[in-house]
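Analysis of the macromolecular model
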Amino acid sequence: MRNFSFSRFMFWAGLTFLYLPMFILVIYSFNESRLVTVWAGWSTKWYGELFQDTQIMSAVKRSLEVAFLSATSAVFFGMLSSWAMVRIAKFRGKTLFGGMITAPLVMPDVIIGLSLLLLFVAFTQLTGWPRERGMLTIWIAHTTFGMAYATVVISSRLREMDASIEEAAMDLGAPPLKVFFAITLPLIAPAVVSAWLLAFTLSLDDVVIASFVTGPGATTLPIEVLSSVRRGVSPKINVLASLIIFAVSMVTFTVWYVSRRLEKNRQKAMADDFLIE
Amino acid sequence: MKLSRLRRWSGETLVVGIPMVWLLVFFLMPFIIVAKISLAQSAVSIPPYTAMFEWADSRLAVIFDLSSYVWLTEDTLYFDAYVNSIKIAFFSTLICLMIGYPMAYAIARAPAANQPLWLLLVLLPSWTSFLIRIYAWIGLLKNNGLINNFLMWIGIIDDPIQMLHTPFAVYLGIVYAYLPFMILPLYANLVKHDQSLLEAASDLGAKAFTIFTRITLPLSKNGMVAGSMLVFIPVVGEYVIPELLGGNSTVMIGKVLWQEFFNNRDWSVAAALAAIMVAILIIPIMLFHRYEQKTLEEEAQ
Amino acid sequence: MAKASPTAVNTAEKSEVLVKITQVSKTFDTTWAVDDVSLEIKRGEIFALLGASGSGKSTLLRMLAGFERPSQGTILLDGDDITHVPPHKRAINMMFQSYALFPHMTIEQNIAFGLKQDNMPKDEITERVARMLKLVHMHQYARRKPDQLSGGQRQRVALARSLAKQPKLLLLDEPMGALDKKLRTEMQLEVVDILEKVGATCVMVTHDQEEAMTMAYRMAIMDLGKIVQIGTPRDIYESPNSRNTAEFIGSINIFEGRIVDDQESQITIQSPDLDTPIMVGHGVSTSIESKDLIYAIRPEKTMLTTGRPSQHCNWSEGIVDDIAYLGGHSIFYVKLNRTGKIVQCFLANTERRYDAPVWNDRVYVSWDEFAGVVLNS
């Protein structure tokens, strides 16, 4: 089909468009010279300088902590929300709930950020909590939009699952909670893992919302990067960028490779079984 | 018997209740507070806005201070910013659609075993930092950046072309960042298209182009709408891209809001800007939600 | 397991009735999915609920399993009221239409699952699982996972799993629905065999009348949430209580007519479709208002001849309109002369080459005085 080759061309062109800037970034992180314009030879000195920058390093640590915690809480809430939306046919406020759980997916960050900050300020005014904004408020913010994404991923898998399996487990004597842990959870596990990874990535990457809701002394990595980048190109940021690209690529390809291998092993086992017959 | 009934009821209530309460407090309530603060006036105080309720001499006064909204109408800057934001969002959505559709189509038509790999390749960039990727373009688009240097080096141009801090850079940045968001729902839709439908049409004599326009395109409507909303709505309120890649001529409402809040410390005006933005976006958001529901209903059949 | 209530019958004398469903209804918003159903299931029998989709049979089954709560009425299992008992506490097990095998467990683990919930000792579980696998001839596939089995094999595993706990009542939801025709007929007999061997009481739901008639000892026909008729397959087939039931099961010829002679031991009915009146060899109680009746006769109870019958009632002349040759027997569609009504007659092909009537032949359809059933509506 003529259409086919056009779309294939577009696919590869689009892919090149997506990857080229990142590729160039990685190359320039090894540039001896500070300037992007001049290539002065290969050097890893900027890598060294980055790791010595304590401000950036502590921001990295903080970001990883918040991302880890908020991904976990996002997935927890995401599982509950998915269950509510998919398995409970009717409940009071389901339409409102459905709206609230999908809106964060599209809501502009500045709105989420501003509105949450104003909420925290109002809380502090009325009740004295939270005393100071920082890691806690960032965690709350990230959990809130993270659970929206987690719900999309998990509920999709939950819908695909044959619900009568859960009924069968109950029929065989397992109480509802046991059914969830012994039957449902193992079957939605891949979705739970990808939801966690997604929420983790989004938290790690968020700059706008974190800027609004953070407090003194609690800067996250993206906030540091933004303030640095506003001042122009910086080789340290190039290094950071390259490291992030490497890390994400490594994790992604590992996950993909492992799941491909597991699948191949399974199919091989099945084929072997049939051969034995 | 009663106890088991109670336990079953409370089990479901918890499952629904816990996330519901969280969302009501941390998602819905903030909007109400935004509305409240937009109806106040900025003040030098902590917090930096006037109170809505005043209690004096046994009188409770509720003050709806509309001065922020009035302020917004006085300067055309704000109105222009809204219009500009919508315009940019609209056109960049269109560009994403033009580029993203064929890409999604290619993946959906690839052999099933390879599709996860292609999808992965497309989504991988979006998992690396959004900020970093926009930053990457700064180095490329600067006057003494890579692209200009390359073009001058091979002799096509003599003076650098102004690319950074132009509307062009903003569009480029938006499409670059949001393309994967357009591709994913489109792919999810296209991959479900029944091949036998297309084969039947071909069998009945339809040409490839007709098949595409009469069958594939209409069937992918849900995917197109979902993808478009996933791009359009957040782009209206974008801050990072206009901040880093745009110049003073590209005024977007997200950037204006940020400046009002952080630079001018005018919380009330920022809140008013947010309130108006939400009002503008409510319909697209509901459209998005509607199409999500529709897609799910179709899947259920 | 449901605890024995103080009002339970003395265990020495086990009642013949295992399940007693009393005036059970289920409403969804404004629709009555199940409408005032009362039913008794005897110990050890295989009972079928037959009906079209939407008849309420599945809802009734799910209420027995515990997945739906009756809006009204009670369900007693062996004397205990289980109406509001949750499914995991009932001594009832179900085989699902989709089999619902746990995909992440081997079939051994699938069968063992229910036993583990009861905290049965490990070696007992192993022994019981092995016994179950042998029962359904699946022991050499013990280590496989469901997606490595064929449809028929999965059905056997599902059956074994639902019998593993030796439930008081076994429920089957469209047991043969996913199998192809040949396998279906095989499995119908095999499943009945297994159930009888184990001594299980079973309620099955199906829309396939052949299946119900083959497998069940007794059956109930459901329509729009109500039970239309209960009885053995023979009762329902030979003595349907309404036109709907008669038409629902098997093929039937329906003649509308009027009583012209009403005596104690015989009645005569005049029908516009037939050349001669219908003579029924028994008395019938009719409603006082109308003398209008329906006479229903099964195709295999008719006789097809090329010569005019000698009797002066219960026959009519027609032309062979269509023939369906089905191997074992043929169905002749005869167009009656009077009104052009098409009557179905079955003819067993008892001889290999034989001069059966062909298209457009003049034929006579006849039957005896006890061949049909008189129905009011």
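Now for a look at the structure at hand. Predicted model only: the values in this text are computed from it and were never measured.

Thresholds, definitions, all that
- Residues numbered from 1 in each chain as written.
- Chains lettered and ligands numbered in written order.
- Predicted model: local features only at pLDDT ≥ 70, side-chain atom pairs only at ≥ 80, totals over all residues.
- Heavy atoms only, no water.
- Axes fitted to C-alpha atoms, helices over the stretch in contact; angles between N-to-C directions.
- Helix = DSSP H or I, 4+ residues; strand = E, 2+ residues; numbered from the N terminus.
- Parallel < 35°, antiparallel > 145°, perpendicular 65-115°, else oblique.
- Contact = heavy atoms within 4.5 Å.
- Buried area = accessible area lost by both parts, 1.4 Å probe.
- Salt bridge = Lys/Arg side-chain N within 4 Å of Asp/Glu carboxyl O.
- Polar contact = N/O pair within 3.5 Å; in protein donor to acceptor, adjacent residues only side chain to side chain.
- Core = buried A, V, L, I, M, F, W, Y, C linked by side-chain atoms within 4.5 Å.
- Buried < 20%, exposed > 50% of the residue type's maximum accessible area, 1.4 Å probe, protein only.
- Pairing = 2+ DSSP bridges.

Quick look at the packing of helix α3 (residues 76-109) of chain B against helix α9 (residues 208-219) of chain B
Residue and element names in this part refer to chain B. Axis separation between α3 and α9 bottoms out at 14 Å; the angle between their running directions is 85 degrees. Compared by their axis directions, α3 and α9 come out roughly perpendicular. Packed against α3, whose contacting residues are Tyr101, Tyr105 and Arg109, the element α9 presents Phe212, Thr216 and Leu217 at the interface.

Here we look at unusual backbone geometry
With an omega of -5 degrees, the peptide bond between Trp129 of chain A and Pro130 of chain A qualifies as cis. Tracing the sequence through the fold places Pro130 of chain A in the loop between α5 (109-127) and α6 (135-160). Positive phi, normally seen in glycine, also occurs at Asp78 of chain C, with a value near 55 degrees. When you line up the elements, Asp78 of chain C lands in the loop between β4 (72-77) and β5 (80-81). One non-glycine residue, Glu174 of chain C, lies in positive phi territory at about 45 degrees. Within the secondary structure, Glu174 of chain C is located in the loop between β7 (169-173) and α5 (181-198).

So, the interface of chain A and chain B
Residue-level contacts link 88 residues of chain A with 85 residues of chain B. Between chain A and chain B lies a buried interface of about 8,000 Å² when both sides are counted; carbon and sulfur atoms form 83% of it. If you sort the residues of chain A by the area they bury against chain B, Leu18, Met100 and Val106 of chain A come out on top, with a joint share of 8%. The interface formed by chain A and chain B includes one salt bridge. A salt bridge links Arg230 of chain A to Glu243 of chain B, with the shortest nitrogen-to-oxygen separation between them at 2.9 Å. Viewed at the interface, chain B and chain A are joined by nine residue pairs in polar contact (both at pLDDT 80 or more).

Re the nonpolar core
Most often, soluble globular proteins keep nonpolar side chains buried together rather than apart. Counting 156 residues, the largest nonpolar core has Phe212 of chain A together with Tyr178, Ile241, Leu257, Leu273 and Met277 of chain B as its most contacted members. Looking at which element gives the most residues to this core, the answer is helix α7 (residues 167-190) of chain B, with 15 residues. The contacts of Ile241 of chain B, once residues within four sequence positions are left out, are Phe130, Ile134, Val170, Gly173, Ile174, Ala177, Tyr178 and Gly246 of chain B. In this structure, Ala150 of chain A together with Ile41, Ala91 and Met94 of chain C belong to the second largest nonpolar core, which totals 51 residues.

Concerning the pairing of strand β1 (residues 17-28) of chain C
Remember that side chains alternate between the two faces of the sheet whenever the strand is regular. All names here are of chain C. In this sheet, strand β2 (residues 31-42) lies alongside β1 in antiparallel orientation, the contact comprising eight bridges. Each residue of the ladder has a partner; that of Val17, found in β2, is Lys42. Both β1 and β4 contribute to a ladder of five bridges, which runs antiparallel. Note that in β4 the partner of Lys20 across the bridge is Leu76.

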